[in-house]
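Structural overview for review
The primary structure of each chain is shown beneath.
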Amino acid sequence: MKPITWLLSVCLLVWTVAASGQVSQKLTVGAEQGERYLPLLQDQRVALVVNQTSRVGEQHLVDYLLAQGVNVVKVLAPEHGFRGDVGAGETIHDATDAQTGLPIVSIYGASKKPSAEMLADVDVLLFDIQDVGARFYTYISTMHYVMAAAAENDKAMLVLDRPNPNGAYVDGPVLDLAFQSFVGMHEIPLLHGMTVAELAQMIKGEGWIEAAEQLDLTVIPVANYRRDMTYVLPVAPSPNLPNQQAIQLYPSLCLFEATAVSIGRGTAFPFQVMGHDKVPLGEFRFTPRSMPQSAPTPKLEDREAFGVDLRESNVQGLDLRLFIEAYHAFAAAGETFFTAPEFMDKLSGTAGLREAIEAGASAEEIRASWQADLARFKERRQPYLLYP
């Protein structure tokens with residue numbers, strides 16, 4: 001291709017994406033760039049940290065690697081399991097994968113960090129899981145522990161990157177380490193605007209794991225990606241985020257998990273509605289039921305809830321208005337809103353958000369209180385960014 005023709009093609013691609021806001025067909029996730037990482041796996045014993053989102057086109061990454069002759073020795077299974085069919089918080093058990101015969105070793109059970117014994121027959125740990133960009137979504141916490149285990153046990157770490165469907169937003173409180181937990185491991189905002197590969201580089205670079213300087217980390221970025229692109233996930237990342245609307249609403253609705261309000265677990269539309277049986281939050285009605293693979297014991301099980309249907313809403317980023325309105329409705333009714341205040345503080349990464357809401361602060365006042373910390377975070381993350 002002549003230089004001028006190549007330049008025109010690039011300009012056309014940039015113009016098309018900028019005009020439409022949609023992902024170009026040329027976007028290529030890390031897993032689909034085998035030419036860049038397969039040589040790194042040659043003659044290596046490989047453990048995969050993967051789930052149902054780990055795809056190379058229509059093929060699972062496990063099947064792709066086995067077909068390429070890679071010596072895959074085991075799969076380390078995160079929350080929701082290797083096949084993504086286990087409910088939130090449910091223990092993952094060791095097993096054997098029926099399709100490949102590979103051993104499935106749980107890292108979401110008694111231990112969330114791979115042990116030296118688990119890694120004794122491993123040379124390389126490969127992480128490829130679709131994230132949704134919210135600090136409390138636990139796949140990035142799993143990545144933290146896998147990176148720590150790799151560093152401590154002198155194993156190489158390879159991260160295959162995927163877009164962040166909420167990547168255009170940096171918002172919410174930055175985690176106070178006094179509230180560090182598996183739903184908040186790092187000093188990052190609730191919406192951090194980074195991909196897993198960028199976060200991996202930041203975890204290493206900021207020394208957020210022991211022996212970080214010893215970690216042999218390689219990342220394969222997404223080709224032709226910008227963080228302001230609209231990216232519709234081809235595979236649901238977990239049982240209760242079944243579609244793009246749920247993923248878009250997740251950052252705003254997840255805080256309700258620490259309250260008496262149902263956000264639709266146990267229905268066909270989780271993270272797309274909100275309601276309560278005693279404090280009507282709207283006219284929409286729904287009844288949560290036990291759903292073994294996604295919500296075995298949902299909040300308000302078998303009770304009719306009255307609330308709001310958000311399936312056609314345009315709520316994006318972190319929107320506190322619904323949350324604050326619900327708090328005041330509960331206060332007026334004399335009902336307890338924060339049923340798990342300690343969990344609320346872990347989800348938000350601070351006691352300040354809950355306390356501000358209880359003190360009557362508005363969404364605008366609360367958001368203003370975050371701005372200085374967000375500015376410092378944006379500056380701190382700059383060396384680790386891979387995309388414009």
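Residues numbered from 1 in each chain as written. Predicted model: local features only at pLDDT ≥ 70, side-chain atom pairs only at ≥ 80, totals over all residues. Heavy atoms only, no water.

Next up on the list: the confidence of the model for the protein. Taken residue by residue, the protein gives an average pLDDT of 91. The fraction at 70 or more is 90%. With pLDDT under 50 throughout, residues 1-24 is counted as low confidence; its partners more than four residues away or in other chains account for 15 contacts. (pLDDT = per-residue confidence, 0-100. Contact = heavy atoms within 4.5 Å.)

Okay, the nonpolar core next. By size, the foremost hydrophobic cluster in this structure holds 120 residues, and its most contacted members are Tyr37, Leu61, Leu65, Met143, Met157 and Val159. Considering each element in turn, this core owes the most residues, nine residues, to helix 4 (residues 139-152). Contacts of Tyr37, omitting those with residues within four sequence positions, involve Gly30, Ala31, Leu61, Tyr64, Leu65, Leu158, Leu160 and Ile220. (Core = buried A, V, L, I, M, F, W, Y, C linked by side-chain atoms within 4.5 Å. Buried < 20%, exposed > 50% of the residue type's maximum accessible area, 1.4 Å probe, protein only. Helix = DSSP H or I, 4+ residues; strand = E, 2+ residues; numbered from the N terminus.)

The next subject is the pattern of salt bridges. Applying the stated rule across the entire model yields 18 salt bridges. Here Lys113 and Glu152 are joined by a salt bridge, their closest N and O atoms 2.8 Å apart. Residue Lys113 is located in the loop between strand 6 (103-106) and strand 7 (124-128), and its partner Glu152 is located in helix 4; the two are separated by 39 residues in the primary sequence. As a salt-bridge pair, Arg321 and Asp319 come within 2.5 Å of each other at their nearest N and O atoms. Bridged by salt links that share partners, the residues Glu187, Glu206 and Arg380 form one connected network. (Salt bridge = Lys/Arg side-chain N within 4 Å of Asp/Glu carboxyl O.)

Note: strands within a sheet are paired through backbone hydrogen bonds, in either parallel or antiparallel orientation. Across the sheet, seven strands lie side by side as 5-6-4-1-7-8-11; this open sheet has mixed pairing. One side of each edge strand has no neighbouring strand; the edge strands of this open sheet are strand 5 (95-96) and strand 11 (216-220). Each of strand 1 (45-50), strand 7, strand 8 (156-160) and strand 11 touches helix 2 (residues 34-41); the most contacted strand, strand 8, lies at about 160 degrees to it. The sheet strands contacting helix 5 (residues 196-205) are strand 7, strand 8 and strand 11, and the helix crosses strand 11 at an angle near 160 degrees. (Pairing = 2+ DSSP bridges. Axes fitted to C-alpha atoms, helices over the stretch in contact; angles between N-to-C directions.)

So, on to the packing of aromatic side chains. Under the counting rule described, the total for this entry stands at 17 aromatic pairs. Both rings, one in Tyr145 and one in Phe182, keep their centres 6.1 Å apart while their planes meet at 15 degrees; by these two values the pair is stacked. Placement of Tyr145 in helix 4 and of Phe182 in the loop between strand 9 (171-174) and strand 10 (189-191) is noted, with a sequence separation of 37 residues between them. A residue is classified by how much of its surface remains accessible, and Phe182, at 15% relative accessible area, is buried. Here a set of aromatic residues connected by ring pairs shows up, and it is made of Phe256, Phe323, Tyr327, Phe330, Phe337 and Phe338. The aromatic ring of Phe182 is capped on one face by Lys112, whose charged end is 5.2 Å from the ring centroid. Arg311 extends its terminal NZ or CZ atom over the ring of Phe269, reaching a point 4.3 Å from the ring centre. (Phe/Tyr/Trp six-rings, centres within 6.5 Å; stacked < 30°, edge-to-face > 60°. Lys NZ or Arg CZ within 6 Å of the ring centre and 35° of its normal.)

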